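# Structure assessment
Spelled out, the chains give:
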Amino acid sequence: MGRIKKKGTSGQAKNFITRTQAVRKLQISLPDFRKLCIWKGIYPREPRNKKKASKTSNAATTFYYTKDIQYLLHEPLLAKFRDQKALEKKISKALGRGDANDARRLEKNANRPEKTGKTKYTLDHVIRERYPTFIDALRDLDDCLSMLFLFANLPSTPTVPAKMIARCEKLCLEFEHYLILSNSLRKSFLSIKGIYYQATIQGQDILWLVPYRFNQRVTGDVDFRIMGTFVEFYQTLLGFVNFRLYTSIGLVYPPKFDKNMDDHGAELGAFSLEGNGIGAIEQPNHLALKKEKISKPDPKLQAEIDKLKLQLNEVPEDEPMTTQTVAAEENEEEKATETIDKFEPALPGGDILLQPSYSTTDPSTLFSNSTFFLSRETPRQPLEFILRAFGCKRIGWDAVLGDGAYTHNELDPAITHQIVDRPPPQVNPDGEVAVEDNQTAQSLQPVSRVPGRIYLQPQWIWDSINDEEMKRPDLYAPGAQLPPHLSPFVKKVRGQYDPSAPLNEQEREGEELEADTDEEDEEDVEDDEELAVREPSLIENMESNGGMDIAGSEDNDSNSGSDSEAAESFGGFSDEEEEEDEATTSAKQRQRELEAELSGVAIETPKIDPVAEKKAKARKGAAKKAKEEREELERARMMMSNKKRKTFDKMQYSNKKKEGEAEVLRAKRRKIEKSGKTAPRD
Amino acid sequence: MAPSTLPRKRKAVTRDVPEMSDVESEAEFGDGQLEGILSDSGLDNDSEEEEDEESGEDELDEEEIPEDYRDAENGEPNGARNGLVVHESLRSDGLDDDDAPNYTIEKDANGGERYVYKDIDPVYDSDDSDFAIKDNTIGDIPLSFYDTYPHIGYNIDGKRIMRPAKGEALDALLDSIEAPRGWTGLTDPATGKPLNLSQEELEILRRIQTNEVPEDGYNPYPDMVEYFSGIQEIMPLSAAPEPKRRFLPSKHEAKRIMKIVRAIREGTILPYRPPEEREEEEDVEVHYDIWQDEQARPNHITNIPAPKAPPPGYDLSYNPPPEYLPTKAEKQIWESTDVEDREKEYLPTKYDSLRKVPGYEKLINERFERSLDLYLAPRVRKNRLNIDPASLLPKLPRPEELKPFPTVCSVLYRHKERVRSLAIDPSGIFLATGGDDGIVRVFEVTTARQVWHSKIGDEEAVNVVRWRPGRDATILAAAAGEDIFLMVPDIVDIETEQASLDLLDAGFGYATNTVQALTANGARKDPVAKWTRPGTRLEADGVLIKITVRSTVKVITWHRRGDFFSTVAPTAQKSAVAIHTLSKHLTQIPFRRLPGIAQTVQFHPSRPLFFVATQRTIRSYDLQKQELIKIIQPGARYISSFDIHPGGDNIIVGSYDRRLLWHDLDLSTRPYKTMRFHSKAIRAVKYHKGGFPLFADASDDGSLQIFHGKVVSDLMENATIVPVKVLKGHKVKSALGVMDIDWHYKEPWVSSAGADGTCRLWM
């Protein structure tokens, strides 16, 4: 007989450790433990069996992996924390003795980030550990950017020092500069929470949220120490990410920061980027590059050509022309190798493989030929960022919005587009212009429209970049009712409601008819013709009770049976049922006629509206089809194993829920469309 | 107090003077004197003196006047000393000032005269002992007592010292930010002005900070003055000669000095350097390519990366499509639900232009929640089946492909009492039934015409009827009570009838022989079955043989060749299962013991196998080798019946616990499919034997269920079972529904015997 195994020495009891145990083991305070967990990315785990993992019968306990905590034991930061704790003790001792000198000396080594904005430790090694590759870091950038952009917009408080905010802002702006230069911003979305941006860097989609420029309301139930710990980590992370991104496109990091310009609200313009001379700076202007190539043909190639010409005994007619053509050809070849070829199926029958589609417009050229002017009421920062990221070089704005504009002059003739976000002037009958806002009226005449430029609402920019094309400007003219702004991040799933597609494409078959009946039901219940259509089930019941066995009647029987049995039973096929339906309708008709004859009343032939009849028929057809489908499904469900059936039912539940939501939306839309108050949709 | 008393005295003196001078003034000085006094009033003494010096001659006259006046007072002749006085006043202006009347006369509100005195200037050398005391005379009380007043005390003249103008709070803040040199941030309690340090004071502070001597010009190492040792005492205290060490430099000190020198050379002792400002450190942020030598690390299985926040949907838009906006009812519901119970934490809202979009209040909270989630929430990997539920559904053939199968009841065979068993003959023309009335009836299948009947059981019900397989003869076996009857109904042509009669009679001679042999072997042993003639009445009907066994027979199963048939009498312990040989009139008991009560038996359709079902299991035996081959465990509690597929590899089992089980004998001893579609016990199950892939079961709930069960010869493919039809029609009578079913041999028709006294043919 082997040794009796002791309880709690292996398995889950050993693999998991509670938080209290972890803190005891590491010999640090709970806040320090929290910090370590946040930085090192250690999170609690859910043991498969809580009872086995915990030694006590405490219900709400957080468990960590013992291995994780062991790994924390060797953390250099832990030593730093301990040193700090010892130092604090020394300081308090010195103060207790009244030895101010000593205390002051010790204080110099103490960690006081709230005063200095800098800590005695660095998180570099943590970054390297958590993100072994750069791609890993990019993958985790969503939360980082959202947090830093939020902090860049916070008011400074004792818990959120101004230095922290300034640093966040700087890092964010630097990151934006990279996006502008590399044209990697893809999408953006105006939500009620703020502005969402999506960029694609090295194939990673990064989505983050930037709040609107309002003073954030700081409520009491937010612990800024926790947030601060995150921010500290994210700042370090974004610093390194920025460094890598900048160097990858051949720029010096950090870029030069002009404090003076920043004080005047230049924001993005306060940074001046410079190349480091190692990596190649990506030329934003491809045209320039091409021209260069054309003007300077390869000497070797030129010699070859000359030789050929001599061989052919041809007189070179126009030298620059030929070189140009050759260069162009060369260019073409190069282009051909770079892009993905389109595969067309030569023969039918093969599988179709998906290929990445090249968008027709390069994001860097979308706005490159336009000059924008932002009116004073528009949000400058997001507009400037987006426009620049999509190739716009000349953006002017009102002087109120800060420095760094291409022009502050609204009347500049070069301006092609002006972004306006105020209602158009209302012209009174006597020709005067009513101005609703006195202040604006004083400084600028908002009524005046400069000819030769397009006035647009800001949403135009967002819709344009999301669709990668310049949208129709007339839909976005000042004062026009804007088309709905749709999120570009929603993946279109079959069966989900898609507001951009027309309604009848996504409806279930016969959904509209059903909706119609519902409405009609509400409207006129007593309608005779409707009654004739909806009656047969009742008659059928009567007949089935009458003795003859009708296969179709089994549905009613099974329905009346107990629920549990009904779930198990299946409902065969009902081929005759529909014929039965027909039969019963005609039978009913005859019955009526007979009754009328007996009572001596002339039968009033029911006036059947052809449209209504058609509708009714369609409805009946739909109902029949639905029923058939239901039967089919029930039949197939019965043949599944118990386990599979359970998963199937679960899935059906969630799908039904989603479908229900979509149906509600469709119904709403139908109603809106019927009432005729629709916003323009594209 | 001297300066204050002096003017008072003078005042007392001068009080009288104007009256006196009034008399003299007209005579001696005229108007000039008065003018001079008036012009003096209100002017500061010092400034006046300076002016005096500058202005020269004009002023001199004025100066001279009070002199004259004093002289006049003293009673000295005025005119004679005129020139001298001028000189004197030039020499000592300050001294002369004291003598001048330090008041002016003004008119008060009542028109009377009022003396206004000049301020006293306590110069340094004045004998004012209170000079050190500040202007404020309130004494040693806190300044805060005056907080509510515009002044902060009184000066020595009893005048209010007004509070110096204080900048607004903002100014104070700005001052603090700019921090001019010498700024301390303190307020001088005496003046109420900010207390700033002068340059000298700052210098002193700096010296203290750098551990230097604070006072300028102070020599910390002056030459020693030998107060005592320099004096040669006449009587020395000690006569000891001066020790040598007094004349030698100290080695110990030299050592210590060298230590310091060495430390300075090595650089361990550094000259004082002012502490660096922390501000400067801050800007230095080291950035480098941390991923320079990056190496991908495969993700550990326990590492679960944090899930990304879901992207915003359409309803988060500032200008969503109108269908996303909540209706009034939805809005109300949202508002009335608790914050934690809400499905969404926001209500979709529409703003008709971007400038109207307000800030989102809960943004910080949301981010905070996300942070909490990131480090506090336990992460569990949940496998979510992201598949189309339709793909889970088994692929079923279309109902049209499954046709034909029985759908409607087309023929009804009425009986008076419960029908227990029925069978369709191999030709497919006749249907035999047996029931509680003890009569075996034969109907024409399609017309429901009763062509033959015979009452075989007097009290007992007919439990089972079965036709002998094979077209060459028409023999019906029926069991009522303990008797088994073999009969040849006279419904077929003569030749077949004759063949049938021959078949039955052939065994008689054989039987008598063997029976004797058997008795000789076993000592006085009862035969397990007696093969006899049933009697003339029955023989006239065509019932030719009666086999009597020991207990009630419930099941008869024919072998496919028609020579053997097996019966089951569940109540009999040892002889429950019997195999009868028709050609020899022989009955054998193959099993001496069975592990349970035998329920039913079946012959394998092609091989010499014999299946026996007990309550829980089905055992298959090889009849030739006489050994157990397999034990099939359907898992049912109480098997009621089973049937073997014509192919021989599949069986279906019906049980009283409402289960219908399909066994693939090649696959496993466990059921391949379990079907539980009946609400009551299943009584009978049957395969179609004539080529249609159909099987049916009959249940006490009064319904038959028809299944499509296709068996393919390919070993890799499992049988497909599709339920196709529920046939309802039989009424449930005393908790019994359908008692027995049988398939037609050629057509996809099924007949059923009901407890309600009817048989039905479904086609």
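Each value, and the rule that gives it
Residues numbered from 1 in each chain as written. Chains lettered and ligands numbered in written order. Predicted model: local features only at pLDDT ≥ 70, side-chain atom pairs only at ≥ 80, totals over all residues. Heavy atoms only, no water. UniProt positions renumbered as here; feature names shortened; annotations may be inferred. Salt bridge = Lys/Arg side-chain N within 4 Å of Asp/Glu carboxyl O. Helix = DSSP H or I, 4+ residues; strand = E, 2+ residues; numbered from the N terminus. Contact = heavy atoms within 4.5 Å. Buried area = accessible area lost by both parts, 1.4 Å probe. Nonpolar A, V, L, I, M, F, W, Y, C, P; charged D, E, K, R; others polar. Expected span 1.5 Å × (residues − 1). Buried < 20%, exposed > 50% of the residue type's maximum accessible area, 1.4 Å probe, protein only. Polar contact = N/O pair within 3.5 Å; in protein donor to acceptor, adjacent residues only side chain to side chain. Pairing = 2+ DSSP bridges. Patch = residues over 30% accessible without salt bridge, like charges linked within 9 Å, V, L, I, M, F, W, Y side chains within 5 Å. Areas by Shrake-Rupley, 256 points an atom, 1.4 Å probe, with all protein chains shown as cover.

As annotated in an unreviewed UniProt entry, chain B is Ribosome biogenesis protein ERB1 from Calycina marina. According to the UniProt record, the Function (unreviewed entry) comment for chain B is "Component of the NOP7 complex, which is required for maturation of the 25S and 5.8S ribosomal RNAs and formation of the 60S ribosome." Its UniProt record gives chain B the following Sequence similarities (unreviewed entry) comment, quoted word for word: "Belongs to the WD repeat BOP1/ERB1 family."

In the annotation of an unreviewed UniProt entry, chain A is listed under the name Pescadillo homolog and assigned to Calycina marina. Check the Function (unreviewed entry) section of the UniProt entry for chain A; it says "Component of the NOP7 complex, which is required for maturation of the 25S and 5.8S ribosomal RNAs and formation of the 60S ribosome." The record held by UniProt for chain A lists under Sequence similarities (unreviewed entry) the comment "Belongs to the pescadillo family."

Side-chain pairs of opposite charge can arise where the charged atoms are in close proximity. Within the structure shown, the criterion is met by 43 salt bridges over all chains. Among the salt bridges present, the one from Arg-225 of chain A reaches Asp-223 of chain A, with a minimum N-O distance of 3.3 Å. Put simply, Asp-421 of chain A and Arg-355 of chain B hold a salt bridge, and the shortest N to O gap is 3.8 Å. Remark: Arg-355 of chain B occurs in the loop between helix H11 (328–336) and helix H12 (363–376) and Asp-421 of chain A occurs in the loop between strand S10 (417–419) and strand S11 (426–427); the pair is interchain, linking two chains.

A separate point is the interface of chain B and chain A. Accessible area lost on assembly of the parts is the figure often given for the size of an interface. On the chain A side, the residues contacting the 101 residues of chain B number 119 residues. Where chain B abuts chain A, roughly 9600 Å² becomes buried across the two surfaces, and 61% of that area is made up of carbon and sulfur atoms. The interface formed by chain B and chain A includes 10 salt bridges. For the side of chain B that touches chain A, the element with the most residues is H12 of chain B, which contributes 12 residues. Considering only residue class, the side of chain B that touches chain A consists of 53 nonpolar, 19 polar and 29 charged.

What follows concerns helix H13 (residues 224–248) of chain A. Each full turn of the α-helix corresponds to 3.6 residues, which orients residues three or four apart in the same direction. Residue and element names in this part refer to chain A. Here H13 spans 35 Å end to end across 25 residues, near enough to the 36 Å set by a 1.5 Å rise per residue. Burial within H13 is extensive, with 22 of its 25 residues counted as buried. Two to three positions downstream of the cap, the backbone nitrogen of Arg-225 sits 3.0 Å from a side-chain oxygen, assigning the N-cap of H13 to Asp-223. A positive backbone phi angle near 75° is found at Gly-250, which sits one or two residues after H13.

Moving on: the pairing of strand S5 (residues 183–187) of chain B. All names here are of chain B. Alignment of S5 against strand S6 (residues 194–196), held across 3 bridges, turns out to be antiparallel. By the bridge assignment, Leu-186 is partnered in S6 with Leu-195. If you look at the hairpin formed by S5 and S6, you'll find 6 residues sitting between the two strands, and Gly-192 has a positive phi there, around 80°.

Together, Leu-173, Leu-174 and Ile-177 of chain B make up an exposed nonpolar region whose accessible area comes to about 290 Å². Overall, Leu-173 of chain B belongs to the partly exposed group, its relative accessible area being 47%.

Turning our eyes to something else, we now look at helix H6 (residues 76–97) of chain A. Residue and element names in this part refer to chain A. With 22 residues, H6 ought to run about 32 Å at 1.5 Å a step, and its terminal C-alpha atoms sit 32 Å apart, in line with that. Lining the buried residues of H6 we find helix H2 (19–26), helix H3 (30–40), helix H5 (66–73), helix H7 (100–107) and helix H9 (124–130). Following H6 by one or two positions, Gly-98 has its phi on the positive side, about 80°.

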